[in-house]
Amino acid sequence: MKVEPNARYSKEHEWVRKEGDLFVYGITDHAQDQLSDIVYIELPNVGESFSAGEIICVVESVKAAADLYLPIAGEIVEIHEALIDTPEVLNSDPYEEGWIVKFKAADPADWDNLLSPQDYENLVEEE
Amino acid sequence: MPYIPNTKANQKEMLAAIGISAMKDLFNDVPEAYRYPELKLPKAASEIEILDELYRIALKNSTTGCFATFLGAGAYNHFVPSVIPSLAGRGEFLTAYTPYQPEVSQGTLQAIFEYQSMVAELTGMEVVNASHYDGATSMAEAAIMSVNVSNYKRRKIVVSPSIHPQYRETLRTYLPGKQVEIGGDEDHAVGLVELKGMLDGDTACLIVQNPTFFGELLDVDGLADAVHSCGALLVVVTNPITSLGLFKPPGEYGADIVVAEGQPFGAGLNFGGPYLGVFAARQKLVRKMPGRLVGETTDTEGRRGYVLTLSTREQHIRREKATSNICTNQGLIALMAAMYLAYMGKSGLRSVAEMCYHKAHYAAGEIDKLDGFSVLAERPFFNEFVVQCPQPVAEINASLLESGILGGYDLQKDYPDRKNQMLVSVTELNTRQQIDHLVDTLGSIGSVQ
């Protein structure tokens, strides 16, 4: 399992990385591995706001459909529309090409409360 | 041997758990007089006697073949070619449960795929599901889908009053748990202009019927644009027989979801069911579409095959977030529709539609000439039209029945302001003689006035 050192993590297997004033969001390598081949993603709209832990989109793989949650409150600034046509990127490169949305956090300090890469690795091992 | 696995001790324990002392206390809510009625059954009869009695009872029934039928209003007396019951009745197809497993059901799956493909062509839409129970449930599913497409941000459904009243009733029965507001049809005089005015940012969809319940064709110019400009979907309830060739199919005037009663496609009247819920949508909405969907694929050796596809929308995978709680289809009737469409072909279906249209217009023209009767058709119509009668429709229908005619639908039942108005339906099965007989009989009723 790959873990991206610059990102922070949620218990729901999502990552969040700082990029200037914004945050980038995606699913972890472990999540894509568990889902197996992803065939579809339903993205939120730019401008939509979500509270912490709210469902922001849905991914479908050949064996399951899963809700994705935004771990910290924020407003969507950019969505990765190319994923609609090439959802397989979520499997092949979940931390870079497979980013899902960029958002503005309601309180950027919330990011510090997410799991560190080490904490996340421990969590996955325990599972 | 009655198979009741629990012991006396088990039963006692269960009764104690729910706080009663004896099994018979479970029936306390049934009035005592009805609890253990004495059945006054006649003495056992022989098979010969039973068959004789049943035959005499069956003679009291009348079927459409006994009358000249002018009753439609959602269920139509179309011709069912003999090939359909004879093929659909084969043991390979005639099962109570539709088998979807690809390894054993290629025939059924291919038939559904063909049904979907032909209906897509007829409606002018891109995707068609494997079908629902009937036209009314298809319409209710379309409303739910529209709300789903908006991710539950839009919860208003605007419905035209010229949609079949039973469809609107089904919609309201189907949706109470969804916190959805349904309106638009409270005032029966409301038309497209007023309906467009009701659309707003909370509107998930506008539902119209075309041809309407009264048989008229809507002026659909600009309708889809008006609906889409406020971010809602256009749902069209249609009669699938009208679409091919004769009139523009809903897909061509911008419908996002098309639903229909598929009964005219070779299903027969069947005393009111089973019928067939046709459901079609735009490709971009397929992930939100309810119901089963059959797709064409290839196996590991490159051979063509058919499988259920996009099942992640469905309840067995997505649980409470599924697009619908329908995990089945109306398999046998969809199969019959596929057979009907394949058997009739493009030109056959078109000639059915043309016969319906021309015979209905001949009937309307003749009825309109009668004293006391007038045809109320402000817009072009297909095979149904409204007749203003000189007396209550129930009385007229009673007289018609005596002359071997099953009269039209009494509109006053659902639309109190439509006093003495009869909805008359004409299909390819109505002969010139039948129509002339109807006109003569109506004429003699009118002249008695």
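The rules behind each value
- Residues numbered from 1 in each chain as written.
- Chains lettered and ligands numbered in written order.
- Predicted model: local features only at pLDDT ≥ 70, side-chain atom pairs only at ≥ 80, totals over all residues.
- Helix = DSSP H or I, 4+ residues; strand = E, 2+ residues; numbered from the N terminus.
- Buried ≥ 20, exposed ≤ 12 C-beta atoms within 10 Å, placed from the backbone.
- Contact = placed C-beta atoms within 7 Å.
- Pairing = 2+ DSSP bridges.
- Axes fitted to C-alpha atoms, helices over the stretch in contact; angles between N-to-C directions.
- Parallel < 35°, antiparallel > 145°, perpendicular 65-115°, else oblique.
- Left-handed = near helix turned anticlockwise from the far one by under 90°.
- Domains from an automatic or database assignment.
- Expected span 1.5 Å × (residues − 1).
- Core = buried A, V, L, I, M, F, W, Y, C linked by C-beta atoms within 7 Å.
- pLDDT = per-residue confidence, 0-100.

Draft legend 1. Representation of the overall build of chain A within the structure. Regarding its fold elements, chain A presents four helices and nine strands. Listing the helices and strands of chain A from first to last along the sequence gives β-β-β-α-β-β-β-β-β-α-α-β-α. Looking at the 127 residues of chain A, the share that counts as buried comes to 36%. Long-range pairs, those at least 24 residues apart, make up 63% of the contacts in chain A with a sequence separation of at least 6.

Draft legend 2. Structural context of the overall build of chain B. Along the backbone of chain B there are 14 helices and 15 strands. In terms of its C-alpha atoms, chain B occupies a principal-axis envelope of roughly 80 × 60 × 50 Å. Split into buried and exposed, the 449 residues of chain B put 42% on the buried side. The long-range fraction of contacts in chain B, counting pairs at least 24 apart against all pairs at least 6 apart in sequence, stands at 74%.

Draft legend 3. Region of the structure containing the sheet that holds strand β6 (residues 54-61) of chain A. All names here are of chain A. Strand order in the open sheet formed by three strands is β4-β6-β7, with antiparallel pairing between adjacent strands. The open sheet terminates on both sides in strands that have one partner only, identified here as β4 (38-42) and β7 (65-70). Direction aside, the axes of adjacent strands within the sheet are offset by 30° on average. With four bridges connecting them, β4 and β6 associate as antiparallel partners. Looking across to β6, one finds that I41 is bridged to V59.

Draft legend 4. Region of interest: the sheet that holds strand β6 (residues 233-238) of chain B. Residue and element names in this part refer to chain B. Taken together, the seven strands give an open sheet; going across it, the order is β2-β8-β7-β6-β5-β3-β4, and neighbouring strands pair in mixed fashion. Here the strands that pair on one side only, and so sit at the sheet edges, are β2 (127-128) and β4 (181-183). Note that strand β5 (residues 203-209) and β6 share five bridges and pair parallel. The residue bridging V208 from the neighbouring strand is V236, located in β6. In the packing of helix α6 (residues 135-149) onto the sheet, the strands contacted are β3 (156-159), β5, β6, β7 (257-261) and β8 (277-281), and the crossing angle to β7 comes to about 165°.

Draft legend 5. Just the packing of α6 of chain B against helix α7 (residues 165-174) of chain B, in detail. Residue and element names in this part refer to chain B. One way to put it is that α6 packs onto α7 with a least axis distance of 8 Å and a crossing angle of 50°. The pairing of α6 with α7 is recorded here as oblique in orientation. Two packed elements cross with a definite hand, and for α6 against α7 that hand is right-handed. Together, G135, A136, T137, M139, A140 and A143 of α6 and Q166, Y167, T170, L171 and Y174 of α7 make up the contact between the two elements.

Draft legend 6. Expanded view of the domain arrangement of chain B. Residues and elements named next belong to chain B. Taken as a whole, chain B is organised into domain 1 (64-78 + 346-448) and domain 2 (83-340). Taking only C-alpha atoms into account, the centre of domain 1 sits 28 Å from that of domain 2. Residue-level contacts link 27 residues of domain 1 with 20 residues of domain 2. Elements with a contribution of two residues or more to the side of domain 1 that touches domain 2: α12 (331-368) and β12 (384-388). Among the elements that line the side of domain 1 that touches domain 2, the one with the most residues is α12, at eight residues.

Draft legend 7. Local environment of helix α5 (residues 106-123) of chain B. Compared with an ideal rise of 1.5 Å per residue, which puts 18 residues at 26 Å, α5 of chain B spans 26 Å between its outermost C-alpha atoms and is within 8% of the ideal. Those residues of α5 of chain B lying buried are T108, L109, A111, I112, F113, Y115, Q116, M118, V119, L122 and T123 of chain B.

Draft legend 8. The arrangement of the nonpolar core in detail. Counting 111 residues, the largest nonpolar core has L206, I207 and A337 of chain B as the members making the most contacts within it. In terms of residues, this core owes the most to one element, α12 of chain B, which gives 19 residues. The two domains that each donate at least three residues to this core are domain 1 (64-78 + 346-448) and domain 2 (83-340) of chain B. Not counting residues up to four positions away in its chain, the partners in contact with A337 of chain B are Y115, G262, F265, G266, A267 and L276 of chain B. Residues W15, Y25, I79 and F103 of chain A belong to the second largest nonpolar core, which totals 31 residues.

Draft legend 9. Local environment of unusual backbone geometry. Residues and elements named next belong to chain B. The omega torsion across N210 and P211 is -5°, close enough to zero to call that bond cis. When you line up the elements, P211 lands in the loop between β5 and α9 (223-229). The peptide bond linking G273 to P274 adopts the cis configuration, its omega dihedral lying at 5°. Following the sequence through the fold, P274 ends up in the loop between β7 and β8. The backbone of N151 shows a phi angle near 55°, a positive value even though the residue is not glycine. Look at N420: it is not a glycine, yet its phi comes out positive at around 55°. The residue N420 is located in the loop between β14 (409-410) and β15 (421-425) in this model. The exposure class assigned to N420 is partly exposed, which follows from the 19 C-beta atoms found within 10 Å.

Draft legend 10. Quick look at the pairing of β7 of chain B. All names here are of chain B. Counting buried positions along β7 yields five of five residues, so the element is predominantly enclosed. Neither face of β7 is exposed, since I257, V259 and E261 on one face and V258 and A260 on the opposite face are all buried. As paired strands, β6 and β7 are joined by four bridges and run parallel to one another. Looking at β7, one finds that V236 is bridged to V258. In terms of strand pairing, β7 meets β8 through five bridges, oriented antiparallel. Paired with I257 across the bridge in β8 is A281.

Draft legend 11. The arrangement of the confidence of the model for chain B in detail. On average, residues of chain B score 93 in pLDDT, and 99% of them reach the 70 mark or higher. Of the two predicted TM-score estimates for the complex, the pTM is 0.86 and the ipTM is 0.71.

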